Every structure is written in structure tokens, then in C-alpha cells.
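Structural features, examined
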Amino acid sequence: MARLLVLRSAPYHRSHLSATATFLLSPSNSKHPHSASASASFPSTARRILLPSPLRVPARAIESSPGTTKQEPTPAAGEGEAQEPPPPAASAFEVEELGWGTQLAVKLRMLVAPPWKRVRKGSVLNMKLRGEISDQLKTRFSSGLSLPQICENFVKAAYDPRISGIYLHIEPLRCGWGKVDEIRRHIVDFKKSGKFVVGYMPVCGEKEYYLACACGELYAPPSAYVALFGLTVQQTFLRGVLEKVGIEPEIQRIGRYKSAGDQLARKSMSNEVREMLATLLDNIYGNWLDTISSNHGKKKEEIEEFINSGVYQVARLKEEGWITDLLYDDEVMAMLKERVGQKDKKSLRMVDYSKYSRVSKWTLGLQGGGEQIAVIRASGSITRTRSPLSVPSSGIIAEQLIEKIRTVRESEKYKAVILRIDSPGGDALASDLMWREIRLLADTKPVVASMSDVAASGGYYMAMAAPVIVAEKLTLTGSIGVVTGKFILQKLYERIDFNKEIISKGRYAELNAADQRPLRPDEAELFEKSAQNAYALFRDKAAMSRSMNVDQMETVAQGRVWSGQDAASRGLVDSLGGFSQALAIAKQKANIPHDRKVQLVEISKPSPTLPEILSGIGSSLLGVDRAVKGVLQDVTSLNGVQARMDGILFERLEDLSGENQLLLLVKDIVNYFD
């Protein structure tokens with residue numbers, strides 16, 4: 001079943017849009033070329049896109065509205081030649097007073113709402129934000145937090161007369177900065193309703209405080225864990241461990257900055273990757289300092305000096321005005337009881353995240369409008385078909401996503417499409433097949449790509465098929481490069497006295513089959529040429545998409561990962577902002593007035609099968625670690641060219657990720673043989 005949502009957006013002023021993107025762009029009345037391969041040199045032709053405001057995008061001309069003066073394309077910025085960054089995105093949220101008729105209808109709907117959707121007057125919405133936050137909508141068979149549902153709850157609560165305010169518990173988060181920025185924006189928007197939003201933070205790290213300081217009031221228990229020490233980026237390397245086991249990885253990474261495969265192929269970080277990660281870390285830390293200093297009305301230097309003093313005592317946060325007060329959870333709730341006039345009640349009247357997510361926007365008079373905009377969500381690693389090791393309802397399965405795209409393309413009821421991407425990439429072939437379908441979709445109706453935490457490598461491959469790309473300023477994107485590899489197990493086989501013999505026909509028949517010997521020189525050459533060819537196809541299509549020539553694209557490709565803001569200044573993205581920014585652009589391109597409500601139709605995943613439901617329940621009961629399962633899936637898909645970006649952790653401390661699980665497995669093997 002498709003899920004219907006409605007969002008109200010404010011007009012976008014010309015000064016509020018910016019440049020950021022990667023797509024295939026062409027005049028709306030022209031057809032995309034159907035060739036699977038791209039020419040070695042694309043003309044820097046004008047690209048026409050219709051947006052609410054002019055974009056300062058290099059290397060292509062833009063027509064923001066009829067009658068706008070066309071700009072001549074300019075050369076793309078090279079490495080270290082970033083252009084002036086675009087202005088930040090404007091908030092798209094405005095609290096509008098509902099008409100008397102709508103207010104009456106809302107009261108009647110609230111009276112007849114079923115018990116599981118009913119909220120008592122004077123309730124406080126209690127949301128606990130912690131752990132992983134998915135960019136997908138959650139079903140009743142799945143657990144965890146969903147970004148679209150979190151954001152929707154903020155919007156509904158702003159209008160719901162039964163909700164007095166929000167009590168936000170913020171604990172350690174395991175999501176990227178893109179999602180954190182999206183939630184933070186909704187906290188700021190919610191405060192425009194005049195209702196309170198109170199934060200409670202028992203564990204304080206940089207990411208948690210970045211989000212929590214947007215609340216009107218912020219409390220922490222006197223025993224809160226505080227670790228404001230700064231940010232780090234980390235990579236792990238298995239080459240030395242593999243050598244001890246007797247495994248020799250054969251990896252082809254195309255692109256000087258392409259770090260995927262380094263974990264297996266190298267023992268240390270390359271200079272290029274070190275430069276790239278240092279730049280990303282500078283972007284994130286600089287944005288953190290800017291936001292916190294603005295929030296406290298202090299200079300960046302003062303904030304940095306405070307952090308560099310080593311902040312581990314929660315009392316210091318109170319002394320410096322970083323939090324409102326030191327109170328336990330029950331004390332905060334007692335304070336809220338008095339604030340909402342429930343002092344005589346036994347407990348604070350609250351509604352939790354799960355129950356409030358079931359409250360319909362229709363009940364609150366926020367749903368309506370004749371025009372429909374389709375939302376297609378693509379989250380996780382990219383594979384072409386479902387693997388036996390696939391975790392149910394996770395990852396991007398190309399054949400399934402293509403079915404959704406074709407369904408939307410063939411339907412006349414959708415006026416525009418928002419393609420929401422949160423993916424580090426994966427299978428290059430699968431990425432290309434989806435790229436093709438997205439281009440065909442863009443031939444029939446406006447398509448806007450909206451990036452979440454990450455849309456890099458294969459994720460960027462998908463996005464660049466859309467005529468407009470919107471990214472958060474700290475979205476990880478780009479990574480235009482490929483990697484392929486295989487394991488040479490000769491020494492391991494000798495060590496365990498294992499023998500493997502192959503009978504073959506054809507000079508290169510054993511290229512992918514022979515793991516018991518090193519590659520011959522001619523095989524190694526072919527192995528490299530195959531990867532180079534895949535990279536050239538990716539790079540050239542990216543150049544065509546962004547109306548650059550190949551040489552211009554090469555300066556920003558080479559597997560380099562960019563922050564959304566840096567990608568914008570280099571012509572890889574068109575606009576900075578979140579989902580609401582993408583919606584405003586989609587409405588404008590579909591000629592829908594900015595103040596008209598529309599129906600957002602979530603193109604849902606197929607309903608889970610009974611085996612998938614039982615598998616999910618069994619995994620929970622037996623404690624099966626999904627991270628290990630994901631690692632095994634990645635290992636089985638190593639054959640073939642991959643357009644993926646390795647995980648980049650901007651944390652001091654993380655739970656064991658998939659790669660660390662793999663490290664432990666390999667160490668166990670070493671210990672076994674030693």
C-alpha cells in the first residue's frame with residue numbers, strides 16, 4: 001500500500017537556493033541518449049532546469065524561469081579551487097492558522113479517532129532519539145527509528161491542539177550528520193509554533209550536543225557522561241593480518257582518492273586519502289563550531305578553547321551556560337507537569353514516538369491537495385538482485401527499485417518525483433541499470449534527488465540521473481570511482497594442505513576462478529583494464545550529467561568524497577538543504593503553487609513475506625548479529641566491479657561495525673592456525 005502524506009512549505013526566495021549536484025541534465029523536451037557508454041569528450045552544452053531561484057552552478061547554463069538571462073558555462077573548479085559556497089538553505093516551515101471550517105473538522109475527527117490513534121488534550125510528545133536512524137519508513141514488523149516519521153511527528157505536533165510541547169530524550173546517535181541536520185532543522189521549526197521543546201541528555205558527545213542545543217531548554221542528570229573532546233576520523237587496515245593467514249588480496253582501485261579496498265590492500269592510509277579525510281573532518285568540525293558559537297552568541301575561538309580544555313564534567317556545561325540545569329528525568333517531568341497544568345496528576349500525560357507516529361495528518365487537517373508527488377526511497381548498500389544473505393527489507397535491490405521507478409513513470413497521477421538517497425554505493429552494474437531507469441523517469445516528469453547522510457559512489461551514480469540534486473551541507477557525496485578485487489589463497493591453501501586444480505579453455509578463463517595462484521602478468525593487465533573501463537563509463541556519464549567535459553570532471557572525480565557544501569561549489573550538487581528543500585523545488589518544477597498542499601505518496605516496499613517476518617523475529621530471539629551478516633554479504637559480492645565508498649566514522653568511539661567484525665573473524669583464524 002502506498003502511504004499518503006502532506007507537507008506544507010513556505011515560498012523560497014531567490015537568495016535561498018544554492019548549487020550542489022550530480023545528474024544527467026538536458027532540456028525537458030529532449031530525449032536522453034540511450035547509449036550505455038559515453039563518449040570520451042562531451043560538449044559543455046547548456047543544461048536547462050527550472051528552479052525557484054538562479055543557481056551559481058559551474059560548467060553549464062541554467063534557466064531558472066522563462067525570460068531569465070542564460071548564463072554561459074564556466075570551467076569547473078579543479079582540486080583546491082572551490083568557488084564561493086552557496087548560501088544556506090532557507091527553512092521551508094511556516095506555522096499557518098487553520099480556517100474555522102478546518103478547525104471544526106479537526107475536532108470532529110479527533111472525537112472519532114480509534115483508541116490507538118487517540119491523544120489526550122494536554123499531552124507532551126516524548127521522543128527518544130538514540131542509536132541508528134533509518135531513512136526508510138518503518139513498518140509494524142520493523143523496529144527502530146525512522147527519519148521521515150521523526151520529522152513528520154514534529155510537523156504534526158506543531159499543529160496538534162492536544163500536544164502542549166515536546167520532551168526530547170537525546171542519547172548516543174549512530175547516524176550521519178545529514179540526518180542530524182534534518183532533525184535539528186525540525187526542532188528549530190517546531191519552536192515557531194510557540195510550544196516548548198525540552199531536551200534531556202544523559203550522555204553528551206559532539207553529535208548529541210549539536211542536536212540538543214537546538215531545544216529551547218536542555219537538561220542533564222548530575223551524573224551525566226560528558227565527552228566533548230573533538231572529532232576523529234578512522235580507518236582500519238587488514239593487509240598485515242591477511243598476510244599472516246596466507247591471503248593475498250588483488251585489488252584494483254581506480255581513482256587516487258578511492259579508499260574502498262584499502263582496508264584489504266594496504267597497511268596504512270595513503271597521502272591522498274589522508275588529505276581527503278582531513279578536508280572532510282575540517283568541514284564537519286568547522287560547521288560544529290559555527291553552529292555552537294552561533295547558538296551561544298560566542299566567538300568560535302571561545303568555543304574551541306573550551307573544547308580543547310577537555311570537557312568531561314557536566315557541571316562545567318551548566319557553569320558555561322551550555323545547558324539549562326542539572327536535573328534528573330523525574331524532576332524534569334515534575335517541572336513539565338506544573339507547566340502544562342497537571343500538577344495534581346499522578347504522572348505527566350505523555351504520548352510516545354511510536355503511538356504518535358500512527359496519528360494521521362488527515363486527522364489534523366494537514367492532508368489534502370489534488371496533486372500527488374511520489375517519494376522513492378533508496379537506502380543502504382546496492383546489489384542487483386536479492387542475495388540469500390540479504391537482511392529482510394534492507395539495502396537497495398536494483399531489480400525491486402527499478403519496478404518502483406517504472407510504476408511511477410507509467411502513472412499519470414504523479415506530478416513530480418523525489419528520489420531520496422542514503423547509500424554509500426555498491427554494485428556498479430546495478431547502479432548503472434538504476435541510473436538508466438531514473439533518466440527515463442526524468443523524461444516524463446520532474447525528478448529531484450534528495451541526499452541524506454551519504455549518496456556517494458553508486459549512490460551518486462543514481463543521483464546524477466536526476467535533473468536536480470539537493471544535499472545537506474555535510475552529506476558525504478561524490479566518490480566517482482570504482483574498485484574490484486579477488487583473494488589469492490595460495491599460501492593459505494599450502495598452510496592447511498588444501499589442493500585445488502582447474503581445467504580450463506580460453507586464455508583468460510581462470511581470471512576469476514583461480515584463487516590458488518597469483519595472477520599472470522597478462523591476467524593482471526586485463527584485470528586492471530576492466531576496472532579502468534568501468535571507471536571511464538562512470539566518470540564520462542557524470543561529466544555528461546553535469547554538463548562538464550571529461551577533463552573538468554576528472555578534477556573532481558578520482559574517487560574523492562566531498563561534503564555536500566564542497567560538492568556544491570564544484571558543480572556536483574545544485575542546492576543545499578533537506579527533504580523540504582527538495583519538495584519546494586519539485587513543486588516549482590511541476591508548476592504547483594508553493595502554498596498549495598500536495599500529497600506525498602510513499603512508494604512503499606513490497607509487504608514482507610512470512611519467511612522474512614519469521615526470519616526477523618528469529619534473528620531478534622537468537623541474538624544474530626546483523627553486522628556480521630552484512631559483512632558476509634559484502635564478501636560474497638566482492639566479485640565484479642563495485643562503485644562503493646568505505647564507511648567513514650567521525651566518532652571517538654563506535655560500536656563494532658561490520659568491518660571490525662570481519663577483523664575479529666580474521667584474527668580468530670590467525671589464532672587458530674598459530
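Only a predicted model underlies this, so the values are computations on that prediction, with no experimental measurement involved. Residue positions are counted from 1 within each chain, in the order its sequence is given. Local features are withheld for residues below a pLDDT of 70 in this predicted model, meaning they are given only at 70 or higher, and side-chain atom pairs are given and counted only at 80 or more; totals for whole chains, interfaces and linings count all residues. Note that the side-chain values use all heavy atoms of the structure and ignore hydrogens as well as water.

1. Topic: the overall build of the chain
In DSSP terms, a helix is any run of H or I states spanning at least four residues, a strand is any run of E spanning at least two, and both are numbered starting from the N terminus. From N to C terminus, the chain includes 22 helices and 25 strands. Working definition: with a 1.4 Å probe on protein chains only, accessible area under 20% of the residue-type maximum means buried, over 50% means exposed, and in between means partly exposed. Within the chain, the proportion of its 674 residues that are buried is 56%. When contacts within the chain are restricted to residue pairs at least 6 apart in sequence, long-range pairs at least 24 apart make up 77% of them. In the structure as shown, the chain presents an accessible area of about 29,100 Å², 52% of it carried by carbon and sulfur atoms. By definition, residues are in contact when any of their heavy atoms lie within 4.5 Å. Working definition of accessibility: Shrake-Rupley area with a 1.4 Å probe, residue cover restricted to the visible protein chains.

2. Re the nonpolar core
Nonpolar cores are built from buried Ala, Val, Leu, Ile, Met, Phe, Trp, Tyr and Cys residues. Side-chain atoms within 4.5 Å join them into one set. Counting residues in hydrophobic clusters, the biggest one holds 64 residues, and the most contacted among them are W288, L317 and W322. Counting residues per element, this core draws most heavily on helix α2 (residues 147–159), which supplies eight residues. Residues contacting W288, with those up to four places away along its chain left out, are W177, E206, Y210, L228, I303, I307 and W322. A430, M451, Y461 and A542 belong to the second-largest nonpolar core, a separate cluster that totals 53 residues.

3. Observations regarding the pattern of salt bridges
The salt bridge criterion pairs a side-chain nitrogen of Lys or Arg with a carboxyl oxygen of Asp or Glu, the two atoms within 4 Å. Counted by the stated rule, this structure contains 34 salt bridges. Here K298 and E320 are joined by a salt bridge, their closest N and O atoms 3.8 Å apart. Pair noted here: K298 is in the loop between α7 (271–296) and α8 (300–308) and E320 is in the loop between α9 (314–319) and β11 (325–326), with a separation of 22 residues, a long-range link. The class for K298 is partly exposed, based on a relative accessible area of 27%. As a salt-bridge pair, E523 and R520 come within 3.2 Å of each other at their nearest N and O atoms.

4. Things to note about the UniProt feature "active site" (unreviewed entry) in the chain
UniProt positions are given in the numbering used here, feature names are shortened, and annotations may be inferred rather than shown by experiment. Under the local residue numbering, the UniProt record ascribes the feature "active site" (unreviewed entry) to K258 and S457. Taken along the chain, the residues just named run across 200 residues; in space they keep tight, none of their C-alpha pairs more than 9.5 Å apart. Any pair of nitrogen or oxygen atoms within 3.5 Å is treated as a polar contact; in protein, a donor-acceptor pairing is required on top of that, and neighbouring residues in sequence qualify only through side-chain atoms on both sides. Within the structure, K258 has its side chain in polar contact with the side chain of S457 (distance 2.8 Å). Examined against the element boundaries, S457 turns out to sit in the loop between β18 (447–456) and α14 (458–463). Note on S457: relative accessible area 0%, which makes it buried.

5. Side note on the sheet that holds strand β6 (residues 196–200)
The six strands are arranged β11-β8-β6-β5-β2-β12 in an open sheet whose pairing can be described as parallel. The open sheet has two free edges, formed respectively by β11 and β12 (350–352), since each of these has just one partner strand. Between any two strands, pairing holds if DSSP finds at least two bridges. Of the strand pairs in this sheet, strand β5 (residues 163–173) and β6 are connected by five bridges, and their pairing is parallel. In the strand pairing of β6, H169 is matched with Y200. Each axis is a line fitted through C-alpha atoms, and for a helix only the stretch in contact is used; angles between axes span 0 to 180 degrees, taken between their N-to-C directions. Packed on one face of the sheet, helix α3 (residues 177–190) meets β2 (123–131), β5 and β6 and runs near 160 degrees to β5. Across the face of the sheet, helix α10 (residues 329–339) comes into contact with β5, β6, β8 (217–220) and β12 while running at roughly 170 degrees to β6.

6. Observations concerning the confidence of the model for the chain
Chain-level pLDDT for the chain is 78 on average; 73% of the residues reach the 70-or-more range. What pLDDT expresses is the predictor's confidence in each residue, scored from 0 to 100. Note that pLDDT drops below 50 for residues 1–91; the model gives that stretch 296 contacts with residues more than four away or on any other chain. Confidence drops under pLDDT 50 across residues 609–638; counting only partners more than four residues distant or on other chains, this segment forms 32 contacts.

7. Concerning helix α12 (residues 398–410)
For a helix, the expected span equals 1.5 Å multiplied by the residue count minus one. An ideal rise of 1.5 Å per residue puts 18 Å on 13 residues; α12 measures up with 18 Å between its terminal C-alpha atoms. All buried positions along α12 are accounted for by A398, L401, I402, K404, I405 and V408. Looking straight down α12, one finds its buried side chains confined to an arc of 160 degrees; they lie on one side. Opposite the packed face of α12, turned more than 90 degrees from it, sit the exposed residues E403 and E410. Along its buried surface, α12 packs onto β13 (372–379), β14 (382–383), β15 (396–397), β16 (414–423), α13 (428–444) and α14. Summarising the geometry, the arc corresponds to the directions from the helix axis toward the C-beta atoms.

8. Here we look at a negative patch on the surface
Patches here are clusters of residues that have more than 30% relative accessible area and form no salt bridge, with a 9 Å joining cutoff for like charges and a 5 Å cutoff for nonpolar side chains (Val, Leu, Ile, Met, Phe, Trp, Tyr). For the purpose of charge, His is not counted, nor are the chain termini; Lys and Arg are scored as positive and Asp and Glu as negative. Here the site of a charge means atom NZ of a Lys, CZ of an Arg, CG of an Asp or CD of a Glu. A contiguous patch of negative charge, built from E301, E302, E304 and E305, is present on the exposed surface. As for its position among the elements, E302 is in helix α8. Accessibility expressed as a relative area gives 42% for E302, which makes it partly exposed.

9. Some words on the environment of I469
Structurally, I469 is set in strand β19 (residues 468–471). On the basis of relative accessibility, which here comes to 0%, the residue I469 falls in the buried class. Sequence separation between I469 and A449 is 20 residues, and the spatial gap between their C-alpha atoms is 4.6 Å.

10. Things to note about the pairing of β13
Judged by how many residues are buried, β13 sits mostly within the fold: eight of eight residues are covered. Of the two faces of β13, the one holding Q372, A374, I376 and A378 and the one holding I373, V375, R377 and S379 are both buried throughout. In this structure, β13 lies alongside β16, joined through eight bridges in parallel fashion. Among the inter-strand pairings, I376 is bridged to a residue of β16, identified as L419.

11. Observations regarding the packing of aromatic side chains
Geometry of an aromatic ring pair is reported as the spacing of the ring centres plus the angle between the planes. A pair of aromatic rings is counted whenever rings of Phe, Tyr or Trp (Trp by its six-membered ring) have centres within 6.5 Å, and the orientation is called stacked for planes under 30 degrees apart, edge-to-face for over 60 and tilted otherwise. Inspection of every chain in the model, using the stated rule, returns ten aromatic pairs. An angle of 85 degrees between the planes, with centres 5.3 Å apart, marks the rings of W177 and Y210 as edge-to-face. Separated by 33 residues along the polypeptide, W177 in helix α3 and Y210 in helix α4 (residues 206–212) bring together distant segments of the chain. For the pair W177 and Y210, a shared accessibility class is recorded, and that class is buried. An aromatic cluster is built from Y209, Y285, W288, F306 and W322, whose rings are joined through pairwise contacts.

12. Quick word on the pairing of β19
Side chains of β19 alternate between two faces, with V468 and V470 and I469 and A471 buried alike. For β18 and β19, the ladder comprises three bridges, and the chain directions are parallel. The residue bridging A449 from the neighbouring strand is I469, located in β19. Orienting the strands away from the viewer, one traces the path from the first strand over the helix to the second; a clockwise path indicates a right-handed crossover. For the crossover that starts at β18, traverses α14 and ends in the parallel β19, the hand is right-handed.

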